[in-house]
Amino acid sequence: MTANEITLNNGVTMPSLGLGVFQSAPEETTAAVAEALGVGYRHIDTAAAYANEREVGKGIRRSGLSRDQVFIETKVWISDYGYEPTLHAYDKSAAKLGVDQLDLLILHQPLPSRFDLTLDAYRALEKLLNDGRVRAIGVSNFMPEHLDRLLSEAGVVPAVNQIEVHPYFQQPALQKLHSQHAILSQAWSPIGGITAYGGADKRSFDDPTLLDIAARHGKTAAQVMLRWHLQQGRSAIPKSTKPARIAENFAVFDFELTHEQLAAIDALDTGVRGGPDPDSITLETYGRPIPEA
Ligand SMILES: NC(=O)c1ccc[n+]([C@@H]2O[C@H](COP(=O)([O-])OP(=O)(O)OC[C@H]3O[C@@H](n4cnc5c(N)ncnc54)[C@H](OP(=O)(O)O)[C@@H]3O)[C@@H](O)[C@H]2O)c1
């Protein structure tokens, strides 16, 4: 059976399955985090832009677990890109979370129109890594051209690239590039939440192939999707604020998909992304100040 642990390219170990908190309202986040830690999660993925880092910190303290038992991942928003602003972004996130070291700090998006700022932000992450303020650094939503450029200029290969991956959008070429550089693929919207927002008509949760595989294992479609990520070596960070679903999404270490079932899920890829095209992200369209701690 797959263990809930993955070793990053710098030797740091990380629980593969974490709780996501994007769109978790601040008033629900503390309870969701404490609930998740209570049922066995040991990894929380938040972001400065989610405006709930403070509540994540409260949930971790409420769980009663010690700091070193929980892997905390957060993200720097584009408005804080640049060398000094990104160093300060670390201070803001660490203070809101109530910790003096982060386990994984990543750049939330590339800024293709201001890649100079993106590189300066990454240099700040390298400095934080060097100073022991963070245990690992990485990126998110970097496409092959962004990664190639970063790798040609940066000293530290990112430990992870957090990207949209679910059965309907799998980015195989990007995942292959990750493998070539020992960058971990971390799946956001891992159970296809983005296919269901706003009443979309093709929800991953209702997919007949996934439901058929799920029935054969006495599991749900969400559990099958998470198992698919884990067996293919990815990290996944499903989000829920509902206790039953938080527990359901963690009950994925007691069954195994066959090669045929993995291949059947691979075949669901449509090549159509649910989230925004990373090249469309600019300071003008998505920039907004991240408050002080
Ligand atoms: N880097 C990025 O740009 C980026 C972008 C998006 C997301 N993320 C990260 O990835 C995490 C997960 O992505 P996501 O939140 O978009 O999507 P997701 O985890 O694939 O799906 C979450 C959605 O599915 C529902 N859900 C959860 N468990 C379920 C289950 N077992 N059965 C049925 N429905 C279920 C949730 O609702 P309830 O809460 O009501 O249960 C929520 O609406 C985020 O929270 C965030 O940490 C990162």
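Here, the structure is the one placed above.
Residues numbered from 1 in each chain as written. Predicted model: local features only at pLDDT ≥ 70, side-chain atom pairs only at ≥ 80, totals over all residues. Heavy atoms only, no water.

Caption draft 1: View of the overall build of the chain. A count of helices and strands for the chain gives 12 helices and 10 strands. Taking 19 Å as the expected radius of gyration for a compact globule of 293 residues, we find that the chain reaches 18 Å, a close match to that expectation. Seen through its C-alpha atoms, the chain measures out along the principal axes to roughly 55 × 40 × 40 Å. The burial tally for the chain puts 54% of its 293 residues in the buried class. Partitioning the contacts of the chain with sequence separation of at least 6, the portion at a separation of at least 24 is 75%. Computed over 27 positive and 36 negative side-chain charges, the separation of the two mean positions in the chain equals 4 Å. (Helix = DSSP H or I, 4+ residues; strand = E, 2+ residues; numbered from the N terminus. Rg over C-alpha atoms; globule rule 2.2 N^0.38 Å. Buried < 20%, exposed > 50% of the residue type's maximum accessible area, 1.4 Å probe, protein only. Contact = heavy atoms within 4.5 Å. Lys, Arg positive; Asp, Glu negative; His and termini not counted. Charge placed at Lys NZ, Arg CZ, Asp CG, Glu CD.)

Caption draft 2: How the structure looks around unusual backbone geometry. Within the chain, A51 stands out as a residue other than glycine whose phi angle is a positive 60°. On the secondary structure map, A51 appears in the loop between β4 (43–45) and α2 (53–63). In this structure, N141 is a non-glycine residue whose phi angle is positive, near 60°. Secondary-structure assignment places N141 in the loop between β7 (134–140) and α5 (144–153).

Caption draft 3: Quick peek at the site of the ligand. Taken together, 29 residues surround the ligand, and among them D45, Y197, S240, K242 and R245 come closest. In the environment of the ligand, an oxygen atom lies 2.5 Å from a nitrogen or oxygen atom belonging to the side chain of K242. Relative to its unbound accessible area of 910 Å², the ligand is 90% covered by the protein chains. Its residues assigned to classes, the shell around the ligand comprises 11 nonpolar, 12 polar and 6 charged. (Near = heavy atom within 4 Å. Polar contact = N/O pair within 3.5 Å; in protein donor to acceptor, adjacent residues only side chain to side chain. Areas by Shrake-Rupley, 256 points an atom, 1.4 Å probe, with all protein chains shown as cover. Nonpolar A, V, L, I, M, F, W, Y, C, P; charged D, E, K, R; others polar.)

Caption draft 4: Quick peek at the packing of helix α8 (residues 208–217) against helix α9 (residues 221–231). Where α8 meets α9, the axes come as close as 8 Å, and the angle between the chain directions of the two elements is 90°. Taken together, the axes of α8 and α9 lie roughly perpendicular to each other. Side by side, α8 and α9 meet where L210, L211, I213 and A214 of the first sit next to A221, V224 and M225 of the second. Partitioning the contact of α8 with α9 into residue classes produces 7 nonpolar, no polar and no charged. (Axes fitted to C-alpha atoms, helices over the stretch in contact; angles between N-to-C directions. Parallel < 35°, antiparallel > 145°, perpendicular 65-115°, else oblique.)

Caption draft 5: Up close: the packing of helix α4 (residues 115–130) against α5. One way to put it is that α4 packs onto α5 with a least axis distance of 11 Å and a crossing angle of 55°. Considering their axes alone, α4 and α5 lie oblique with respect to each other. The handedness of the crossing between α4 and α5 comes out as right-handed. When α4 is examined against α5, the residues F115, L119, Y122 and R123 are found in contact with a partner set consisting of H146, R149, L150 and E153. (Left-handed = near helix turned anticlockwise from the far one by under 90°.)

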